[in-house]
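Descriptive structure summary
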Amino acid sequence: MKWIFCFFCWFSFLPEGFAQDEFEKINGIGVVVVSLESPVMLEFYEETNASAPHRQVKLLEEPGKLLNDSDRQWLNSHRALSHEISFICLALKDNHYQVVVNKETSETLWLRNKTFLHLLPWNSYLQQSFPLRRLDVNGNRLLSRPTEGAPAIAIKGRDCLRVLKTSGDWMQVEVLSACSRNGKAEAIGWIKWRDERDLLVGY
């Protein structure tokens, strides 16, 4: 089973039965991220109509530790870090997100929607991620305009990209001289963040 990621939670944003393009069929509709501003209990179900959860995960309110040892061993999601819990999201159904709970085995469960869950489309998730890098610097050059054949902008060193905005498959980025959120931009240009099937950037 292919897997995807989940973040901010707008069911009006993606109605059930919406048409997916090839990219979304392969990579998922977005990323579901868990807001950590209040006590969180995640409820995972084998089916959306199940009467009881298959597993519950309560996030800890300890600095630098969100999961207890048992839950950490079980949960192998998109990101299960000390500062972020997020899931690849495959689908929406009956107030549930179908999410990948183990990216090694591709196991999926249905995560019941709560106010602390948020589904972001891929471009929005990448726009808040830092730093980004191109997966193929030669095949995805930094261009002066978001169009094939636009003049390329030469840069040196490893990619450390901060997103300014997205437009379709294109993303306007700053190339930072020092890789920190407050780093100075040495160049600004456009790259492709996706093609018909794959992500073209890493984060």
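Residues numbered from 1 in each chain as written. Predicted model: local features only at pLDDT ≥ 70, side-chain atom pairs only at ≥ 80, totals over all residues. Heavy atoms only, no water.

1. Comments concerning the overall build of the chain
Counted only if it meets this: Only DSSP runs of H or I reaching four residues or more are called helices, and only runs of E reaching two or more are called strands; each is numbered from the N terminus. Partly exposed describes any residue whose relative accessible area lies between the buried limit of under 20% and the exposed limit of over 50%, with all areas from a 1.4 Å probe on protein chains only and scaled to the type maximum. Contact between two residues is taken to exist if any of their heavy atoms lie within 4.5 Å; hydrogens are not considered. Here the open area of atoms and residues is found with the Shrake-Rupley method and a 1.4 Å probe, where only the protein chains shown may cover a residue.
Within the chain, the regular secondary structure consists of 3 helices and 14 strands. When each of the 203 residues of the chain is scored for burial, the buried share is 46%. Across the chain, every contact between residues at least 6 apart in sequence was considered, and the portion connecting residues at least 24 apart equals 60%. Of the roughly 10800 Å² of accessible surface on the chain, 46% is carried by carbon and sulfur atoms.

2. Description of the pattern of salt bridges
Rules: Here, a salt bridge means any Lys or Arg side-chain nitrogen found within 4 Å of an Asp or Glu carboxyl oxygen.
Applying the stated criterion across every chain, the model contains 9 salt bridges. Here Lys 114 ties to Glu 43 by a salt bridge, and the two come within 3.9 Å at their closest N and O atoms. Taken as a pair, Lys 114 in the loop between β8 (107-112) and β9 (117-120) and Glu 43 in strand β3 (residues 41-45) lie far apart in primary sequence, 71 residues in all. Classification of Lys 114 as partly exposed rests on a relative accessible area of 25%. A salt bridge links Glu 84 to Arg 79; the shortest N-O distance between them is 3.7 Å.

3. A few points about the nonpolar core
For clarity, the threshold we go by: Definition of nonpolar core: a set of buried residues of the types Ala, Val, Leu, Ile, Met, Phe, Trp, Tyr and Cys, connected through side-chain atoms within 4.5 Å.
Core analysis: the biggest nonpolar cluster contains 24 residues, and Val 34, Leu 42, Phe 44, Phe 87 and Tyr 97 have the highest contact counts within it. Per-element accounting of this core gives the leading share, 4 residues, to strand β6 (residues 85-93). Not counting residues up to four positions away in its chain, the partners in contact with Leu 42 are Val 34, Arg 55, Gln 56, Val 57, Leu 59, Phe 87, Leu 111, Phe 116 and Leu 117. Within the second largest apolar cluster, 19 residues are counted, among which are Val 31, Leu 120, Trp 122 and Val 173.

4. With respect to the side chain of Ser 86
The following threshold applies: We define a polar contact as two N or O atoms separated by no more than 3.5 Å, with the added condition that, inside protein, one atom must be a possible hydrogen donor and the other a possible acceptor, whereas residues neighbouring each other in sequence contribute only through side-chain atom pairs.
In this fold, Ser 86 is placed in strand β6. Within the local environment of Ser 86, its side chain forms a polar contact with the side chain of His 78, the two groups lying 3.0 Å apart.

5. Quick notes on the environment of Lys 165
Here Lys 165 shows up in strand β11 (residues 161-167). A C-alpha to C-alpha distance of 6.9 Å links Lys 165 and Gln 127, two positions 38 residues apart in sequence. Once residues within four sequence positions are removed from consideration, Lys 165 is found in contact with Gln 127, Met 171, Gln 172 and Trp 190.

6. Re the state of the cysteines
The condition that has to hold: When two cysteine sulfur atoms are found within 2.5 Å, that pair is recorded as a disulfide.
Summed over the entire model, instances satisfying the criterion amount to 1 disulfide. A sulfur-sulfur separation of 2.0 Å characterises the disulfide bridge that pairs Cys 160 with Cys 179. On the sign convention where negative means left-handed, the S-S torsion of about 85 degrees between Cys 160 and Cys 179 marks this disulfide as right-handed. Taken together, the positions of Cys 160 in the loop between β10 (133-134) and β11 and Cys 179 in the loop between β12 (170-176) and β13 (185-192) put the pair 19 residues apart, joining distant regions of the chain. Of the residues examined, Cys 160 reaches a relative accessible area of 3% and is grouped as buried.

7. Examining the packing of aromatic side chains
Threshold: Ring pairs shown here join Phe, Tyr and Trp side chains whose ring centres sit within 6.5 Å, with only the six-membered ring taken for Trp; geometry is labelled stacked below 30 degrees between planes, edge-to-face above 60, and tilted in between.
Summed over the entire model, instances satisfying the criterion amount to 5 aromatic pairs. With a centroid separation of 5.8 Å and an interplanar angle of 85 degrees, the aromatic rings of Phe 23 and Trp 193 are classed as edge-to-face. Residue Phe 23 is located in helix α1 (residues 22-27), and its partner Trp 193 is located in the loop between β13 and β14 (201-202); the two are separated by 170 residues in the primary sequence. Of the two residues, Phe 23 and Trp 193, both sit in the buried class. Aromatic pair Phe 44 and Phe 87: ring centres 5.8 Å apart, planes at 65 degrees, arrangement edge-to-face. Within this pair, whereas Phe 44 is found in strand β3, its partner Phe 87 is found in strand β6, the two being separated by 43 residues in sequence. One exposure class covers both Phe 44 and Phe 87, and it is buried. Among the aromatic residues, those joined into a ring-pair cluster are Phe 44, Trp 74 and Phe 87.

8. Structural notes on the confidence of the model for the chain
Let me state the cut-off plainly: A score from 0 to 100, pLDDT tells how confident the predictor is in each residue.
Per-residue confidence for the chain averages 88 on the pLDDT scale, and 90% of its residues sit at or above 70. Note on residues 1-18: pLDDT is under 50 here. Beyond four places in sequence and across chains, it has 93 contacts.

9. As for the sheet that holds β11
Selection criterion: Two strands form a pair only when DSSP identifies at least two bridges running between them. The angle between two axes is taken between their N-to-C directions and runs from 0 to 180 degrees, where each axis is a line fitted to C-alpha atoms and a helix contributes only its stretch in contact.
Taken in spatial order, the 3 strands make up an open sheet running β11-β12-β13, and their pairing is antiparallel. The sheet terminates laterally at β11 and β13, the two strands that pair on one side only. Averaged over all pairs of adjacent strands, the angle between their axes in this sheet comes to 20 degrees, without regard to strand direction. Relative to β12, β11 is paired through 6 bridges, and the arrangement is antiparallel.

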